[in-house]
Amino acid sequence: MSAQHERLRMMLTAALFAAIIGIFAQITIPLPFVPITGQTLAVGLAATILGSRYGALSALLYMLVGAVGVPVFSGMSAGMSIIFGPTGGYIISFVLSAFFIGWYIEKTKATVPQAFSANLIGMVINLAFGTVWLKIFAELSWMEALAAGFLPFIIGGIIKAFLAAWIGIEVRKRLASARLLPQSTKNRTA
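Residues numbered from 1 in each chain as written. Predicted model: local features only at pLDDT ≥ 70, side-chain atom pairs only at ≥ 80, totals over all residues. Heavy atoms only, no water.

Undergrad: Hey, could you run me through helix α2 (residues 39-67) in this one?
TA: One turn of an α-helix holds 3.6 residues; hence residues three or four places apart share an orientation. Look at α2: only 15 Å from first C-alpha to last across 29 residues, short of the 42 Å you get at 1.5 Å a residue. Helix geometry: α2 is bent most strongly at G51, by close to 140 degrees. Immediately beyond the C-terminal end of α2, within one or two residues, lies G69, with a positive phi of roughly 120 degrees. (Helix = DSSP H or I, 4+ residues; strand = E, 2+ residues; numbered from the N terminus. Expected span 1.5 Å × (residues − 1). Bend = angle between axes of the 7 residues up to and from the residue.)

Undergrad: What exactly am I supposed to notice about the packing of aromatic side chains here?
TA: The tally for this structure, following the rule as stated, stands at eight aromatic pairs. With 6.3 Å between their ring centres and 45 degrees between their planes, Y62 and F94 make a pair best called tilted. Of this pair, Y62 sits in helix α2 while F94 is found in helix α4 (residues 88-107), placing the two residues 32 residues apart along the sequence. Judged by relative accessible area, which is 1%, Y62 ranks as buried. (Phe/Tyr/Trp six-rings, centres within 6.5 Å; stacked < 30°, edge-to-face > 60°. Buried < 20%, exposed > 50% of the residue type's maximum accessible area, 1.4 Å probe, protein only.)

Undergrad: When you look at helix α5 (residues 112-137) in this model, what are you seeing that I'm missing?
TA: With 26 residues, α5 should reach 38 Å at 1.5 Å per residue; the first-to-last C-alpha distance of 36 Å fits that figure. Taken residue by residue, α5 has A115, A118, N119, G122, M123, N126, L127, G130, T131, W133 and L134 as its buried positions. Along its buried surface, α5 packs onto α2, α3 (80-83), α4, α6 (142-149) and α7 (154-177). E139 sits one or two positions beyond α5 and adopts a positive phi of about 55 degrees. (Contact = heavy atoms within 4.5 Å.)

See below:
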């Protein structure tokens, strides 16, 4: 397969994962300031499977589609008001988190323990960035922001990080054996 065809296939796959992130965003457990959603699990899966470049692209596409008005954010919401509202930092940080997770896995061996470590750090990136944003945009104290935007999500984040690592590595292995991942990604798969 030519490099151009491979790049097109990966871009389409990134778009598919942007849609998956939007679907997982509708799995919601409501809390006062920031709901627990399936978005972070889907972002972790995208990054674990697709790597830094295409994982981040899927998160960026998800954010842009929601920003222009397609209701893909939690609770079927959309628009720039969400991006620049109290929870917008979490959405924006999906791009950074996905890039880091994919990069970490690319620099190590693509195993469940390495992917779990990458997803845990990605979770901290997401929660830290989102909490700082929440503090600023909701005009909360640091203690209120940590209590509302960080601490309630640690246990769920650890569970989602494990699921993203385990499922992501399994899917990645199958895609590599079917020759559906770029050559550089397949070489790093255990």
